[in-house]
Amino acid sequence: QVQLVESGGGLVQAGGSLRLSCAASGRTFSSYAMGWFRQAPGKEREFVAAISWSGGRTYYANSVKGRFTISRDNAKNTVYLQMNSLKPEDTAVYYCAAGQIDHWVVAGTVGFWGQGTQVTVSS
């Protein structure tokens, strides 16, 4: 069992930056691939970024590639999402997720979800 708690969301102006954190409980964190998803009002939840258990492979949605960076610190049981050059269309609730295999996480097949953190980008 893995429990995930996101933090770091907030209100930022367009062009600004935020760093989201996801703290995981459990001793098996380092064996999970991790991902970030987001859901804007009236839209379906969508994939944002994912990282393999070792951190050696990363994946990004085309809409955030070059602006967002996913990373993890297995010693701290934490995964991060650095978001730069934010746009109003990045406004959404951001969710952390854990899954067995990175490709499955990219596809949305995950075992555990966090409760989400709100990111609002003003124009």
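A few points on the structure. This structure is a prediction, so every number in the text was calculated from the model and none was measured.

### Quick notes on the state of the cysteines
And step 1. Within this structure, the stated rule accounts for 1 disulfide.
And step 2. The disulfide that involves Cys22 links it to Cys96, with 2.1 Å between the sulfurs. Disulfide Cys22-Cys96: torsion about the S-S bond near -80 degrees, hence left-handed. Of this pair, Cys22 sits in strand E3 (residues 18–24) while Cys96 sits in strand E9 (residues 92–99), placing them 74 residues apart in sequence. Here the two residues Cys22 and Cys96 agree in accessibility, since each one is buried.

### As for the sheet that holds strand E1 (residues 4–7)
And step 1. Read across the sheet, 4 strands follow the order E1-E3-E8-E7 without closing on themselves; strand pairing throughout is antiparallel. On the outer flanks of this sheet lie E1 and strand E7 (68–73), each paired with one strand and no other. Each strand axis lies, on average, 15 degrees off the axis of its neighbour in the sheet, ignoring direction.
And step 2. Of the pairings in the sheet, the one linking E1 to E3 comprises 4 bridges and is antiparallel in character. Counterpart to Glu6 in the pairing with E3 is Cys22.

### Things to note about the layout of surface pockets
And step 1. Here the largest pocket is characterised by a volume of approximately 160 Å³.
And step 2. Arg38, Lys43, Glu46, Glu89 and Asp90 are, among the 13 residues lining the largest pocket, the residues nearest its centre.
And step 3. For the lining of the largest pocket, a count of residues per class yields 2 nonpolar, 3 polar and 8 charged.

### Quick word on the pairing of strand E4 (residues 33–39)
And step 1. The buried count for E4 comes to 6 of 7 residues, which makes it a mostly enclosed element.
And step 2. Note: E4 against E9, 7 bridges, orientation antiparallel. Residue pairing in the sheet places Trp36 in a bridge with Cys96 of E9.
And step 3. Here E4 runs beside strand E5 (residues 46–51); their pairing, made up of 5 bridges, is antiparallel.

### A word on the packing of aromatic side chains
And step 1. What the rule picks out here adds up to 4 aromatic pairs.
And step 2. Judged by centre distance (5.9 Å) and plane angle (80 degrees), the rings of Tyr32 and Phe112 are edge-to-face. With Tyr32 in the loop between E3 and E4 and Phe112 in strand E10 (residues 112–113), this pair connects stretches of sequence that are 80 residues apart. Accessibility assignment for this pair places Tyr32 and Phe112 in one class, buried.

### Focus on the side chain of Thr78
And step 1. Within the secondary structure layout, Thr78 lies in strand E8 (residues 78–83).
And step 2. Thr78 gets classed as buried once you look at its relative accessible area, which sits at 9%.
And step 3. For Thr78, the side chain forms a polar contact with the main-chain oxygen of Lys76, separated by 2.8 Å.
And step 4. Aside from chain neighbours lying at most four places away, what touches Thr78 is Ser21, Cys22, Ala23, Phe29, Arg72 and Asp73.

### Side note on the side chain of Asp90
And step 1. Checked against the element boundaries, Asp90 lands in the loop between E8 and E9.
And step 2. Within the structure, Asp90 has its side chain in polar contact with the side chain of Arg67 (distance 2.7 Å).

About the cut-offs
Residues numbered from 1 in each chain as written. Predicted model: local features only at pLDDT ≥ 70, side-chain atom pairs only at ≥ 80, totals over all residues. Heavy atoms only, no water. Disulfide = S-S within 2.5 Å. Helix = DSSP H or I, 4+ residues; strand = E, 2+ residues; numbered from the N terminus. Buried < 20%, exposed > 50% of the residue type's maximum accessible area, 1.4 Å probe, protein only. Pairing = 2+ DSSP bridges. Axes fitted to C-alpha atoms, helices over the stretch in contact; angles between N-to-C directions. 1 Å grid on protein atoms, 1.4 Å probe; cavity = no way out; pocket = protein on both sides within 12 Å on 5 of 7 lines; lining within 4 Å. Points joined across faces, edges and corners; volume = space filled by probe spheres on them. Nonpolar A, V, L, I, M, F, W, Y, C, P; charged D, E, K, R; others polar. Phe/Tyr/Trp six-rings, centres within 6.5 Å; stacked < 30°, edge-to-face > 60°. Polar contact = N/O pair within 3.5 Å; in protein donor to acceptor, adjacent residues only side chain to side chain. Contact = heavy atoms within 4.5 Å.

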